[in-house]
Every structure is written in structure tokens, then in C-alpha cells.
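Examination of the molecular architecture
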Amino acid sequence: MSTHSTTAAPGSPAAPSTLITGIGSLVTNDTAHGTGPLGLLTDAAVVIDAGTVVWVGPAGAAQAADERFDAGGRALLPGFVDSHAHLVFAGDRTAEFNARMSGQAYSAGGIRTTVAATRAATDAELDANLARFVREALHQGTTTVECKSGYGLTVEDEARALRIAAGHTPETTYLGAHVVAPEFADDPAGYVDLVTGEMLDACAPYARWVDVFCENGAFDGDQARAVLTAGVARGLTPRVHANQLSYGPGVQLAVELGAASADHCTHLTDEDVAALAGSATVATLLPGAEFSTRAAYPDARRLLAAGATVALSTDCNPGSSFTSSMAFCIAVAVREMGMTPDEAVHAATAGGARALRRPDVGLIAPGARADLLLLDAPSHVHLAYRPGVPLTAAVWRAGVREL
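These lines cover the structure that appears in this document, whether it is placed above or below. Keep in mind the model is a prediction, meaning the values are calculated, not measured.

This next bit is on the overall build of the protein chain. Each helix and strand in the protein chain was counted, giving 14 helices and 18 strands. For a compact globule of 403 residues, the expected C-alpha radius of gyration is about 22 Å, and the protein chain comes in at 21 Å, within 12% of that figure. In terms of its C-alpha atoms, the protein chain occupies a principal-axis envelope of roughly 70 × 45 × 40 Å. A total of 403 residues make up the protein chain; the buried ones form 58% of that total. Within the protein chain, residue pairs in contact and separated by at least 24 positions form 70% of the contacts whose partners lie at least 6 positions apart. Accessible area of the protein chain: about 14,800 Å², with a carbon and sulfur share of 52%. The positive charge centre, built from 26 side chains, and the negative charge centre, built from 43, are 4 Å apart in the protein chain.

As a further point, take the pattern of salt bridges. All told, the structure shown has 19 salt bridges when counted by the stated rule. Asp 201 is the salt-bridge partner of Arg 234, the closest N and O atoms lying 2.5 Å from each other. Placement of the pair is Arg 234 in the loop between α7 (221-233) and β11 (237-238) and Asp 201 in helix α6 (residues 198-203), with a sequence separation of 33 residues. Among the ionic pairs, Arg 335 bridges to Glu 336, the shortest N-O distance being 3.9 Å.

A few words on the packing of helix α3 (residues 123-138) against helix α4 (residues 155-166). As a packed pair, α3 and α4 sit with axes 10 Å apart at the nearest point and diverge in direction by 45 degrees. The angle between α3 and α4 falls in the class oblique. As for how α3 packs across α4, the hand of that crossing is right-handed. Here Asp 123, Leu 126, Asp 127 and Leu 130 of α3 come into contact with α4, specifically with Arg 160, Arg 163, Ile 164 and Ala 165. Of the residues contributing to the contact of α3 with α4, the split by class is four nonpolar, no polar and four charged.

What follows covers the packing of helix α12 (residues 326-336) against helix α13 (residues 341-355). Here α12 crosses α13 at 140 degrees, and the two axes come no closer than 9 Å. Between α12 and α13, the angle falls in the class oblique. For the crossing formed where α12 meets α13, the hand is right-handed. Packed against α12, whose contacting residues are Met 326, Ile 330 and Val 334, the element α13 presents Pro 341, Ala 344, Val 345 and Ala 348 at the interface. Its residues placed into classes, the contact of α12 with α13 shows seven nonpolar, no polar and no charged.

Membership of the largest hydrophobic core comes to 88 residues, with the highest contact counts inside it found for Leu 87, Tyr 174, Tyr 191, Leu 276, Leu 303, Leu 312 and Leu 383. Per-element accounting of this core gives the leading share, six residues, to α4. Among residues more than four places away in sequence, those in contact with Leu 303 are Leu 268, Val 273, Leu 276, Ala 283, Leu 285, Ala 308 and Val 310.

Within strand β10 (residues 209-214), six of the six residues are buried, leaving the element largely enclosed by the surrounding structure. Burial along β10 is two-sided: Trp 209, Asp 211 and Phe 213 and Val 210, Val 212 and Cys 214, pointing in opposite directions, are all buried. Alignment of β10 against β11, held across two bridges, turns out to be parallel. Bridging from a neighbouring strand, Trp 209 pairs with Thr 237 of β11. This β-α-β element, β10 to α7 to β11, shows right-handed connectivity.

Here the focus is unusual backbone geometry. The residue Asn 29 is not glycine, and still its phi comes out positive at about 55 degrees. Structurally, Asn 29 can be placed in the loop between β1 (18-26) and β2 (41-49). For Asn 29, a relative accessible area of 12% puts it in the buried group. The backbone of Arg 357 shows a phi angle near 50 degrees, a positive value even though the residue is not glycine. Its location among the elements puts Arg 357 in the loop between α13 and β16 (372-375).

The topology assignment puts Ser 246 in the loop between β12 (240-242) and α8 (250-256). For Ser 246, a relative accessible area of 18% corresponds to the buried category. Of note is the side chain of Ser 246, whose polar atom sits 2.6 Å from the side chain of Glu 215. Dropping the residues within four chain positions of it, Ser 246 is found in contact with Glu 215, Asn 216 and His 267.

Turning our attention to helix α1 (residues 94-101). If you check which residues of α1 are buried, you get Glu 96, Ala 99 and Arg 100. The buried residues of α1 all sit within an arc of 100 degrees when viewed along its axis, so they share a single face. Among the structural elements, α10 (287-293) are those in contact with the buried residues of α1. Gly 103 lies just past α1 and shows a positive phi near 115 degrees.

This part covers α7. Taking 1.5 Å of rise per residue, 13 residues should cover 18 Å, and α7 covers 18 Å from first to last C-alpha, within 8% of that figure. If you check which residues of α7 are buried, you get Gly 221, Gln 223, Ala 224, Val 227, Leu 228, Ala 230 and Gly 231. The opening residue of α7 is Asp 220, an N-cap whose side-chain oxygen sits 3.2 Å from the backbone nitrogen of Asp 222. Backbone geometry just downstream of α7 places Gly 235 in the positive-phi region, at approximately 90 degrees.

As enumerated under the stated definition, the model contains eight aromatic pairs in all. A centroid spacing of 5.4 Å and a plane angle of 25 degrees characterise the contact between Phe 89 and Phe 133, whose relative ring orientation is stacked. Of this pair, Phe 89 sits in the loop between β6 (80-82) and α1 while Phe 133 sits in helix α3, placing them 44 residues apart in sequence. Classification of Phe 89 by relative accessible area gives buried; the value is 1%. Between Phe 184 and Tyr 191, the ring centres sit 5.5 Å apart and the planes meet at 55 degrees, which makes this aromatic pair tilted. Grouping aromatic residues by their ring pairs yields a cluster made of Phe 89, Phe 133, Tyr 151 and Phe 322. Across from the ring centre of Phe 133, 4.6 Å away, lies the NZ or CZ of Arg 132, which sits over that ring. Across from the ring centre of Trp 209, 4.3 Å away, lies the NZ or CZ of Arg 239, which sits over that ring.

Definitions and cut-offs
- Residues numbered from 1 in each chain as written.
- Predicted model: local features only at pLDDT ≥ 70, side-chain atom pairs only at ≥ 80, totals over all residues.
- Heavy atoms only, no water.
- Helix = DSSP H or I, 4+ residues; strand = E, 2+ residues; numbered from the N terminus.
- Rg over C-alpha atoms; globule rule 2.2 N^0.38 Å.
- Buried < 20%, exposed > 50% of the residue type's maximum accessible area, 1.4 Å probe, protein only.
- Contact = heavy atoms within 4.5 Å.
- Areas by Shrake-Rupley, 256 points an atom, 1.4 Å probe, with all protein chains shown as cover.
- Lys, Arg positive; Asp, Glu negative; His and termini not counted.
- Charge placed at Lys NZ, Arg CZ, Asp CG, Glu CD.
- Salt bridge = Lys/Arg side-chain N within 4 Å of Asp/Glu carboxyl O.
- Axes fitted to C-alpha atoms, helices over the stretch in contact; angles between N-to-C directions.
- Parallel < 35°, antiparallel > 145°, perpendicular 65-115°, else oblique.
- Left-handed = near helix turned anticlockwise from the far one by under 90°.
- Nonpolar A, V, L, I, M, F, W, Y, C, P; charged D, E, K, R; others polar.
- Core = buried A, V, L, I, M, F, W, Y, C linked by side-chain atoms within 4.5 Å.
- Pairing = 2+ DSSP bridges.
- Right-handed = clockwise from strand over helix to strand, strands pointing away.
- Polar contact = N/O pair within 3.5 Å; in protein donor to acceptor, adjacent residues only side chain to side chain.
- Arc of directions from axis to C-beta.
- Expected span 1.5 Å × (residues − 1).
- Phe/Tyr/Trp six-rings, centres within 6.5 Å; stacked < 30°, edge-to-face > 60°.
- Lys NZ or Arg CZ within 6 Å of the ring centre and 35° of its normal.

That is the geometry; function is a separate question.
Next up, the structure:
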């Protein structure tokens, strides 16, 4: 097997083209290139050049390339697309987790503990922490990650969080409406005014998305609507923390406002499911949160049966889901949420891409960004079949082999 790794920048004329051959099982997520929803191919090959996939097909018909990488009969799939993560923070909430595992219930209030630590951290500390989590995720096959603010809750701290995040990913989300800032505990309306005014003005230049935690203990439907519509007016696209801890208006609001995703979707009425199925809003499920809070898991089977688009993401954050492993989330979704291995892998790749409205990732097809994950296994099913086992053999991001 070739172990050569180019260090040329993605898209650079100096970057050599690479033929990846000997692929035992190839997940393309493109039905034009293979069978079933995953577009599966066996004994396949892929050619990548200038950061892009340029050819996909049978190994025996592969085009020539500058370099050759033998996959040795292992499985190749698109890099994971983690469309929901909270990675700009400082501090540790081990004590809170330990208390939960000892019988205490989870509530949204724990976020304020991280707020204090994040405000006290330097820019360099926050940047180093974020870089560590992005690298940790990459080593587990995640090549696209979304990153939210939400642990500063002041104008300056929310803006610096997004500025730092933008140095690591283009998928940055303004979440000033995570919880009401401590200083506004007795004036939530005043905090909403800040979030939709001065704070939004400072944060919009660094963000692509606007989000709100629409939940008891955070923001109600009217407050969430005000936050999202203000963000839309500034050119941001909405996504919503919806229906995590209880039934509520979040999903309906997300669909009404054309949000890219409604995230969590744990407590859904039949009307909520129908609304998601009849819209372009992706239902993003976050099994790490239920695993870490001992809460009821969302019913993925119900959503899939209705025709809704489902994504899986980590919700990586220091309080309720401190994991960066998409493979772990796939295994839990299969075991606890009624998903098949094929559905879970599709949700962790193509589903996440839909949730970020990114047609260039989450698939392996000509014209797609060359984000690839080689498993040390013959099939993608091993992600659920061998939970907790590190299966990453190699990762390419924008055509560059990262490991």
C-alpha cells in the first residue's frame, strides 16, 4: 500500500492526481454510480485531482493518475459531515456528568457553567481547544464540521467565538440565543433585544447560520421567531435546536421559516413529523445527547418512514454530548433509534451535507470535493458492527491525505 502523502494545498497545480484502487466496497451516495440508496460499488476505484473527485467506477476500468493508492479490499466512503457541534468553549463539566450518571436530571441551565469558563479564556486558548477537537474529529473520519457560538453570551465573546471558528470551518453558526445570559436573568426580553440587535451586528460578518435553543429554560416560540427572523434579515440561514427536552414549537417554526435543519427532534407530534417530511428542513438527530443524559432517544424510524430527510451529528459540547465520534453516533443510532446501518451511514454523510446545504460533500462522485474515509474493514456496516473500535485507516480532505 502506498503511504505517500502530498503536502500541496488543495487545488494547487502542484498537487498530484491520485488513483485509489482495490476498494472492496465503495459508498458513493450517488445512485447513478452504484446500487441502493448508498450507491454501493464493489471492486471499485476513484480518481481524485486538484481536490476533487474526477472519476468513479470499476477498478478494471480506472483512469491513470500520477499516484496510486491500493485500498487493499477495504471500504471507502465519503468523509463524515458533522452538521451540529459546539466546539468553541473552555472549562470542564465532569462533575455535572458524574452527577447526572448518579441520578440527577439534565436541564439547559448547565450551559452557564461553560459560559463563565469561556469568557475567562484567551483567544489563543479557545483557538487551540477548537483546533484539537477538529483534529480529533478528522482522525475519526469527519471532514466537514459545523461550529456554533453560544458560550460567550456577550457581544464581544460571541463575535470572537465566531471569528475563531471561521478560521477552522466555513460552517459557522451564530447561537447567541443559546440561553439567556446571566446578566439578563431578570430581563429575558432585554437579552433577546441584544441578540437581535448589537450582538447580531457584531456576529453576522463571521457567520453563515443563525440558531436558537427553542426549549423550556431557554427561549420560547415568540422569542425564537424574533431571533431567527432578525438573522434572516441579516442574510443568515436559520437552523433550530428543536423539541429536545419536551414537545414545543421549534420544529414547526423551523419548517415555517425554511430552516436548513431542526436539530434534536426527540419529542415530535404527528404534525411535526408530517411538517418535516413535507419540507426541505432536515431532521438532525443527535444520539450522543441522549446517551450522555440518559434521555429517551428520538425515533428515527418514524421520521424515515414518513419520508423526512435525516442527518446524524455529534452535538459535541462539554455538557450534554462530549463526543466527536460520528462512528459512535452511527452505532448508537443503529442500536437505539431504529436505523439500519445503511441509513445511519447515509445520515452521517449525505444527510449532514443536506443539513448544511452542501452539494459538494457527503458523496463520492465526479465534481464532489475529495473528502474520503478509508475504513480498516471490508464494509461500512462495521461502523455499527464493531462499536468503539477505531476503524479509520486513512482520510483525505479536499484531496489531501491527512492521515
